[in-house]
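Chain and residue survey
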Amino acid sequence: MTTSIADPEAGRTAAAPAEDLSVWPASTTRLPHGGLAVAGVPLTELADRFDTPLYVLDEGEVRARCRAYRDAFPDGDVVYAAKAFLSRAVVRWVREEGLGLDVCSAGELELAVTAGFPPERIVLHGNAKSPRDLAAGLRCGVGRVVIDSPSEIARLAAAVGPAGRQKVMVRVVPGVAAGGHHKIRTGTEDQKFGIPLSDGQALQAVARLLDQPGLELTGLHCHIGSQITEPEPYLEALRRLVGLLARVRDLHGVALPELDLGGGHGIAYRPGEPALDVPAFAARLRAELARCCAGARLPVPRLAVEPGRAVVGPAGVALYRVLSVKHGGARVFVAVDGGMSDNPRPALYGVRYAPRLVGRRSSAPLRRADVVGRHCEAGDVLAADAPLPGDVRPGDLLAVPVAGAYHLSMASGYNLVGRPPLVAVHAGTPRLLLRRETLADHRRRDIGA
Ligand code: LLP
């Protein structure tokens with residue numbers, strides 16, 4: 001968001017490539033001696049007080065991003081995708097900022113509801129919802145269940161029972177290829193999510209749903225993939241779904257009132273990378289929806305989007321302590337005290353990050369190094385080929401921006417390292433939201449001696 005920041009030491013605005021803070025939270029400021037503060041809290045203080053590895057989340061940045069979405073979709077719904085990161089505080093922030101919530105398990109659902117999120121603003125997803133997921137959804141009274149496969153229709157109808165009623169949507173595969181990596185492309189028929197449009201299955205599912213007295217079909221849904229930085233794939237998906245809405249109206253005389261285009265809005269992980277321009281995207285989406293609906297003589301359905309990454313990703317920073325520096329062949333390995341158990345994304349999707357030395361001013365020239373984790377795998381690389389000062393040494397603190405989405409929510413117990421804590425920062429004050437996972441936690445869970 002911020003592209004340049006006043007440097008108190010230099011007394012001027014600095015924008016050298018190595019000092020580019022454009023992917024950091026907007027509240028980030030430089031401190032003397034190579035320090036950085038987020039929301040007024042120095043990162044070195046956080047590392048000293050809470051130890052490393054540590055995740056930091058800027059509450060103001062999350063809230064500002066929620067508001068930017070609300071402003072971009074004033075007459076639609078913005079539904080935060082909990083899978084990006086969920087905690088009770090995030091549930092509260094998202095609720096207070098007026099967003100809905102997308103959950104995809106009984107676990108996410110029950111955390112949200114017990115933290116006070118209004119169930120009617122919750123959308124329940126999942127390509128393989130378990131009986132427990134569906135029962136929890138019905139018991140909590142979720143606003144929408146998104147049907148992901150034809151077999152789910154009868155299962156849900158049976159679970160709702162003769163006296164019940166549940167609002168549902170159908171997840172349609174529009175046949176649009178988009179997404180930052182093949183593992184996160186979900187808009188085409190050759191992957192596990194949704195019901196294909198092209199072969200008529202989606203239309204059949206709609207017909208079956210309209211026949212179920214206990215299920216109220218409110219509209220169509222699609223989620224074409226993740227880390228998409230251009231509006232075009234969404235516009236194409238929108239056109240195809242409006243085409244389906246028109247077919248449904250022609251065949252059944254019903255104009256479905258809702259259209260949910262999912263999430264997947266791309267962000268920059270390193271300075272200079274593209275990101276989806278949300279206000280421009282929203283304007284084009286809304287204009288295209290109005291145009292297509294006018295062409296098909298359909299009333300304009302209420303639009304929903306489901307961003308996850310774009311809400312929390314840029315608000316998070318991961319802090320690691322350097323444990324060793326090693327030279328191997330032509331490479332330099334900077335090993336830190338976290339790794340693929342707190343951030344599996346580089347190993348899974350080949351994502352590149354831009355770590356930065358904090359808390360020490362170095363005048364050493366930059367050189368490329370692989371920031372690697374502490375796990376027993378050669379693929380445990382956190383940041384490949386990252387430019388770092390040539391004198392980075394054990395004891396140094398490294399900060400990785402854009403760490404708020406799909407890090408802790410995908411964290412594992414690998415090597416019993418323990419999942420890191422998360423601290424929220426706001427107006428100069430840190431607040432521990434998630435504590436560090438300890439050996440005692442593992443012992444409590446391992447009851448089989
Ligand atoms: N709606 C649905 C139905 C989804 O499946 C997802 C993400 C979203 C919304 C939110 O997508 P977002 O705006 O956060 O891209 N672990 C991967 C991303 C997997 C996304 C899965 N579904 C990663 O770290 O890139």
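Everything that follows concerns the structure shown earlier in this document.
What comes next concerns the included structure. Sequence order as written defines residue numbering, which begins from 1 separately in each chain. The predicted origin of the model limits local features to residues at a pLDDT of at least 70 and limits the giving and counting of side-chain atom pairs to 80 or more, whereas totals for whole chains, interfaces and linings rest on all residues. Computation of side-chain values: all heavy atoms of the structure, hydrogens and water removed.

1. Focus on unusual backbone geometry
- The step from T52 to P53 runs through a cis peptide bond, and the omega angle for that step is -10 degrees.
- Secondary structure counts use DSSP, requiring at least four H or I residues in a row for a helix and at least two E residues in a row for a strand, with both numbered from the N terminus. Its location among the elements puts P53 in the loop between α1 (43–50) and β6 (54–58).
- The backbone of A39 shows a phi angle near 50 degrees, a positive value even though the residue is not glycine.
- Looking at the element boundaries, A39 is found in the loop between β4 (35–38) and β5 (41–42).
- Although it is not a glycine, V402 sits at a positive phi angle of roughly 60 degrees.
- With respect to the secondary-structure elements, V402 resides in the loop between β21 (397–401) and β22 (422–426).

2. Concerning helix α2 (residues 59–72)
- Relative to the 20 Å expected for 14 residues at 1.5 Å per residue, α2 spans 20 Å between its end C-alpha atoms, a close match to the ideal helical length.
- Note on classification: 1.4 Å probe, protein chains only; a residue is buried when its accessible area is under 20% of the maximum for its type, exposed when over 50%, partly exposed between these limits. Turning to α2, its buried residues number three or more, namely E59, E61, V62, R63, R65, C66, Y69 and A72.
- Here a polar contact is taken to be a pair of N or O atoms separated by no more than 3.5 Å, where protein atoms must pair a possible hydrogen donor with a possible acceptor and residues adjacent in sequence count only if both atoms sit in side chains. The opening residue of α2, the one whose side-chain oxygen lies 3.0 Å from the backbone nitrogen of G60, is D58. Here, expected helix span is obtained from the residue count minus one, scaled by 1.5 Å.

3. Details of the pattern of salt bridges
- When a carboxyl oxygen of Asp or Glu is within 4 Å of a side-chain nitrogen of Lys or Arg, the pair counts as a salt bridge. The full count for this structure, using the stated rule, is 28 salt bridges.
- Across the salt bridge formed by E96 and R63, the nearest N and O atoms sit 2.6 Å from each other. Of this pair, E96 sits in helix α3 (residues 88–96) while R63 sits in helix α2, and the two are 33 residues apart along the sequence.
- By relative accessible area, E96 is classed as partly exposed at 41%.
- For R63, a relative accessible area of 11% gives the class buried.
- One continuous salt-bridge network, built from bridges that share partners, spans E59, R63, R67, R92, E96 and E97.

4. Brief notes about the environment of R63
- Sequence separation of R63 and E97 is 34 residues, and the distance between their C-alpha atoms is 6.7 Å.
- Throughout, a contact is declared for two residues whenever any of their heavy atoms are within 4.5 Å. Ignoring sequence-local partners within four residues, the contact set of R63 consists of R92, W93, E96 and E97.
- At a separation of 2.9 Å, a polar atom in the side chain of R63 contacts the side chain of E59.
- Side chain to side chain, R63 and E97 meet in a polar contact 2.9 Å long.

5. Quick word on α3
- For α3, every residue scored as buried is listed here: A89, V90, V91, W93 and V94.
- Positive backbone phi, approximately 85 degrees, marks G98, located one or two places after α3.

6. Quick look at the sheet that holds β5
- The pairing criterion is simple: DSSP has to find at least two bridges between the two strands. Overall, antiparallel pairing links the 3 strands, which are arranged β3-β4-β5 in an open sheet. Each edge of the sheet is formed by a strand with only one pairing partner; in this case those strands are β3 (29–31) and β5.
- In terms of strand pairing, β3 meets β4 through 3 bridges, oriented antiparallel. Of the residues in β4, the one forming a bridge with R30 is L36.

7. Describing the pairing of strand β13 (residues 215–221)
- With 6 of 7 residues buried, β13 is to be regarded as a mostly interior element.
- Sheet topology places strand β11 (residues 166–173) next to β13; 6 bridges connect them, and they run parallel. The residue of β13 that forms the bridge with V170 is L220.
- Across 3 bridges, β13 lies against strand β14 (residues 258–260) in parallel orientation. If you follow H221 over to β14, its bridge partner there is D260.
- In this fold, β13 hands off to helix α8 (residues 232–252), which returns the chain to β14; that crossover is right-handed. Orienting the strands away from the viewer, one traces the path from the first strand over the helix to the second; a clockwise path indicates a right-handed crossover.

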